[in-house]
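A look at the structure
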Amino acid sequence: MTDVLGVSGVVEADVVVVGGGPVGLVVACELAVRGVRVVVLESEVVVSGRPRATTVHARAVQCLVRRGYLGGLVEWGPGSGRFPASGGSGAVVASGGFDRAGASDGMGVPDPGGVAGRSEDGAPGGVEGFATEGVGATGPGGVSGSGLGSGVGSGVGGVGGGVGFHFGGIGGLVVSAPGVEPVAVMKCEQEVLERHFEARARGLGVRVLRGCRVVGVRQWRGGVVVTARGAFGSVVCRGLFVVGADGARSVVREQGGFESRVYPATVSALAGDVRVEGGVLGVGWHRTERGWIVVKEGVGGRLRLRTVNCAGPCARWRVEPTLEEMRREVSWIAGREVVLGEPLWLSRFSDFSRVASSYRRGRVFLAGDAAHVHFPVGGQGLSTGLLDAVDLGWKLAFAVRGWADEGLLDTYDQERRPAAQRVIDHTRAQVALMRPGPELEPLRALFVELLAGGGEAGVLASMVSAQGTVLPARGRCRGYWEGRFLPNVELVTGEGRTDVIALLGEGRPLLLLFGARGAGGGFEEQARGWTGLVRVVHCEEVAGLECAALLVRPDGYIAWASGREGPAGVLEAYFGAPTHPHTPASASTSTTASTPAATVAPVRAPTPALASTSTTA
C-alpha cells in the first residue's frame, strides 16, 4: 500500500492506531501479523529526519528480536546470540567497546509549527536522551572523561560484553546482557527505525495514512470512532479499539479522559547543533557549580550541545530558544565567554515528568510518550515505549481474535505502568545527583564507589536496561521463574538445535517440556484445551533451568514454571477457559506476508452508534 497524504471518507478496521512512530508501528505489526485489521493515522506527511532518539536498551532489543522486528538492522544466528560490530540500514551495535562517533544521544529537536521540542504542558517533545556511554563526572569546573569499565555477571547463558554507561552523569556503570542474547545497547537513529517498522507494517497489510491529524476520539459500548483531518478533507475511522501512540501532546490521552500523575519541572535545559569558536569546549560531560554542558561531535564541523541549568525551570518554556539565549546559557554555566554560531536547530526541554493514572479506559489504550514522559537522561524513553508496544500488541490481538478473555487486556496496565513509574523515579534520582551543589558531593562520591564496586552497579544497570523487570504472576503459586524473562538458551529438539528466539518468531505461547520429567509430567495433557494456541516443544534438559516445564509468553516472559501446580490454571488466567482447539493465524514475522491481514478472517467492527464518552475537538 502507498502513503495516503489526504483522504476523505470512512475507514473500517479492527484497531485504530494513532501515531506512526516506532511505538505505534510495532503495535500495528503485532496486530496485523495475527490477522487483525489495522489502520495507522500519522500527522506527519513523511518520516522526520530531525535528530531524535538513538538508543534501544537491552530488554527492548531482546523482545523485538524474539518477534523478528530487527531483521536487517542487526544479525544473529540460532543459538549464537552474537551480533556484528554494526548492523545494516544505519544501525550501530554497541556490544562492549566505546565508539566516539556513536557514543551518545543528543537532546532536543526543533518542532516545526510550534515551540521547539516542547509540549503545551512542558513535557519533552521529540527529545533525545543523555545516553552517553563511557562517561565520567568530575568536580566543579572539571571536564568529564570517557573511561570504560568491564562487566561480569552470572545466570543462564552467562554474560556477554558490557557497554560503559553512566548514572546521573557519574561514569563507571556497565550495562551487560547474557552472552546468548543480542547486544546490551543498540544505537540506531529513530528515523531508521521508523522506516524499518513502517515497511514491515505495510508488508503485513497495515494501512498507514499519513498527513492525517486526529481531532476527535469517541468510544461507545461496541466500538470507537476516530476523526482525522487530511489535505482533502476528514477521515472517519471506525473500529473495536483505539491505541494512542501519539506522543507527549497526545490527543487520544486528552480526549479519552485519562488522568495523570505529574511531576513539575525543576531544571531548564537547551540543546542544539552549533559551531563553537576557539575550541573551548571538548567532547564530554562538563559539570560546574552552575550546571552541566554535554558536548558531542555533530555534523559539518558543528558540535551538539546540551545544557542543564539547575537554578530552576524556565519561565519562558513556550518560547522558541534563540542562538543568543544558548550562548548566554553556555557561557554562564562554563564560567567564561563561549562564542556560538550557525545553528542547525535549537530546542528546550526540562525534567517535567508525567505518567497516566491508567493505560486503559474501556476501548482506548495509551502507549509510549502518550502514557509517560520523563527527563531523557539514560535514553530510556524509546525503549520504554517499544516495550509498551510489544506487551500491548500481542494481548490486544489475542482479545480481538477471540483467543483470550478481555481480562488479558487489563494486564497491560498492571505490567507496563509500574515499569514507567520506575523509569520516572530513577531518572528523577539522576537529576538529583546532577545538581551541582556542594552538599551533594558526599552522595556523588558514594555513587562513584558503588559504581566501581560491581554488584551494586548491577542493580542500577538492570534498571536502565529494564532487564531487572519481573512481571506480576498470574497463577496461585508463584515460583522463582514466573514473571522473569527467559534468556535465549539453545534448545535441542527432535528436529535439531534451535533457540528461544527462533521458536518465539511465530508469536505463539510456548510450552517447553524438558527431558523425561517434562514429557512424563502430564503437562501436555493439561494444555490440550488450548491446542493450536499454545505450541508444545519437547527438548532436552538445559543446564541452569531447574524445572521440568515452562510456559513462555509471546514476548519472552515466563508465565508458568513447573512446581506445585500444573499449567492449566495459568493458561485459563491468560487465555480463558479451555475450549475446542484454537486455530490462530501464523504470527511469524520472519517473512513478509503476501496478503493483507484483513483476509485472515478478522473480527469485524460493528457500526458505532452515535453515543460517545468524549467530545470531538
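Notes on the structure follow. Because the structure is a prediction, the values reported are computed rather than measured.

1. Focus: the overall build of the protein chain
Scanning the protein chain from terminus to terminus reveals 13 helices and 30 strands. Residues classed as buried in the protein chain amount to 59% of the 617 residues present. When contacts within the protein chain are restricted to residue pairs at least 6 apart in sequence, those whose partners lie at least 24 apart make up 75%. Of the accessible surface of the protein chain, which amounts to about 22,300 Å², a share of 52% is contributed by carbon and sulfur atoms.

2. Some words on the sheet that holds strand β10 (residues 207-210)
Strand pairing in a sheet relies on backbone hydrogen bonds, with the paired strands running either antiparallel or parallel. A sheet is described by the order of its strands in space; here 6 strands give the open sequence β10-β3-β2-β14-β23-β22, paired in mixed fashion. If you trace the sheet from one side to the other, it starts and ends with β10 and β22 (360-361), each paired once. Along the sheet face, helix α1 (residues 22-32) touches β2 (15-18), β3 (38-42) and β14 (241-244) and points at about 170° away from the line of β3.

3. Side note on α1
For α1, the tally of buried residues reaches 11 of 11 residues, placing the bulk of the element in the interior. Looking at the buried side of α1, the elements it contacts are β2, β3, α2 (58-66), α3 (190-203), β14 and α6 (381-400).

4. Focus on helix α5 (residues 323-334)
With 12 residues, α5 should reach 16 Å at 1.5 Å per residue; the first-to-last C-alpha distance of 16 Å fits that figure. Three or more residues of α5 are buried, namely E325, M326, E329, V330, S331, I333 and A334. On its buried face, α5 is in contact with β16 (268-276), β17 (284-288), β18 (291-297), β19 (303-309) and β20 (340-350). Just past α5, the residue G335 takes up positive phi, approximately 80°.

5. A closer look at unusual backbone geometry
Even without glycine at this site, E342 takes up a positive phi of about 50°. Note on E342: relative accessible area 47%, which makes it partly exposed. For A466, which is not glycine, the phi torsion reads 65° and is therefore positive. Among the structural elements, A466 can be located in the loop between α9 (455-465) and β25 (490-493). With a relative accessible area of 18%, A466 lands in the buried category.

6. Digging into the environment of S260
Note that S260 resides in strand β15 (residues 260-263). In sequence terms S260 and A371 are 111 residues apart; their C-alpha atoms lie 8.5 Å from each other.

7. So, the sheet that holds β15
If you trace the 3 strands from one edge of the open sheet to the other, you get β15-β21-β24, paired in antiparallel fashion. This sheet does not close on itself; its edge strands, each paired only once, are β15 and β24 (372-373). Two elements, strand β21 (residues 353-356) and β24, share 2 bridges in a ladder whose sense is antiparallel. What sits directly across from V355, in β24, is H372. Sheet strands in contact with helix α7 (residues 407-434) are β15, β21 and β24, and its direction is about 170° off that of β21.

8. Let's talk about the environment of Q467
Along the chain, the position of Q467 falls in the loop between α9 and β25. Measuring from C-alpha to C-alpha, the distance between Q467 and A60 comes to 9.0 Å, with 407 residues separating the pair along the chain. Contact partners of Q467, with chain neighbours within four places excluded, come to A58, R59, Q62, S176, A177, P178 and S462. Polar contacts involving the side chain of Q467 include one to the side chain of Q62, which spans 3.0 Å.

9. Some points on the packing of aromatic side chains
Two aromatic rings, taken as a pair, are described by how far apart their centres are and by the angle between their planes. Under the defined criterion, the tally for this structure stands at 15 aromatic pairs. With 5.4 Å between their ring centres and 85° between their planes, W394 and F398 make a pair best called edge-to-face. Residue W394 and its partner F398 are both found in helix α6; the two are separated by 4 residues, about one turn of the helix. An identical accessibility class is assigned to W394 and F398; each is buried. Among the aromatic residues, those joined into a cluster by ring pairs are W394, F398, W403, Y574 and F575. Taking the ring centre of F241 as reference, the NZ or CZ of R363 above it sits at 5.2 Å. Over the face of the ring belonging to Y480 we find R484, whose NZ or CZ atom lies 4.0 Å from the ring centre.

10. Focus: the pairing of strand β29 (residues 549-552)
Side chains A549 and L551 of β29 all project onto a buried face; the interleaved residues L550 and V552 project onto the opposite face, where all are buried too. Inspection of the sheet shows strand β27 (residues 510-514) paired to β29 by 4 bridges, in the antiparallel sense. Each bridged residue has a counterpart across the sheet, and for L513 the counterpart in β29 is A549. With 3 bridges joining them, β29 and strand β30 (residues 558-561) adopt antiparallel strand pairing. Following the sheet pairing, L551 is matched in β30 by W560. The antiparallel hairpin formed by β29 and β30 contains 5 residues in its connecting segment, where G556 sits at a positive phi of about 100°.

11. Digging into the pattern of salt bridges
For the structure on display, the rule yields 32 salt bridges. Across the pair R553 and D391 runs a salt bridge, and its minimum N-O distance is 3.5 Å. Within this pair, whereas R553 is found in the loop between β29 and β30, its partner D391 is found in helix α6, the two being separated by 162 residues in sequence. For the pair R553 and D391, a shared accessibility class is recorded, and that class is buried. K395 is paired through a salt bridge with E415; the nearest N and O atoms lie 2.7 Å apart. Residue K395 is found in helix α6, and its partner E415 is found in helix α7; the two are separated by 20 residues along the sequence. With relative accessibility at 0%, the residue K395 sits in the buried group. Look at the salt bridges and you will find they share partners, linking D391, K395, E415, R553 and D555 into a network.

Definitions and cut-offs
Residues numbered from 1 in each chain as written. Predicted model: local features only at pLDDT ≥ 70, side-chain atom pairs only at ≥ 80, totals over all residues. Heavy atoms only, no water. Helix = DSSP H or I, 4+ residues; strand = E, 2+ residues; numbered from the N terminus. Buried < 20%, exposed > 50% of the residue type's maximum accessible area, 1.4 Å probe, protein only. Contact = heavy atoms within 4.5 Å. Areas by Shrake-Rupley, 256 points an atom, 1.4 Å probe, with all protein chains shown as cover. Pairing = 2+ DSSP bridges. Axes fitted to C-alpha atoms, helices over the stretch in contact; angles between N-to-C directions. Expected span 1.5 Å × (residues − 1). Polar contact = N/O pair within 3.5 Å; in protein donor to acceptor, adjacent residues only side chain to side chain. Phe/Tyr/Trp six-rings, centres within 6.5 Å; stacked < 30°, edge-to-face > 60°. Lys NZ or Arg CZ within 6 Å of the ring centre and 35° of its normal. Salt bridge = Lys/Arg side-chain N within 4 Å of Asp/Glu carboxyl O.

Just geometry here; none of it tells us what the structure is for.
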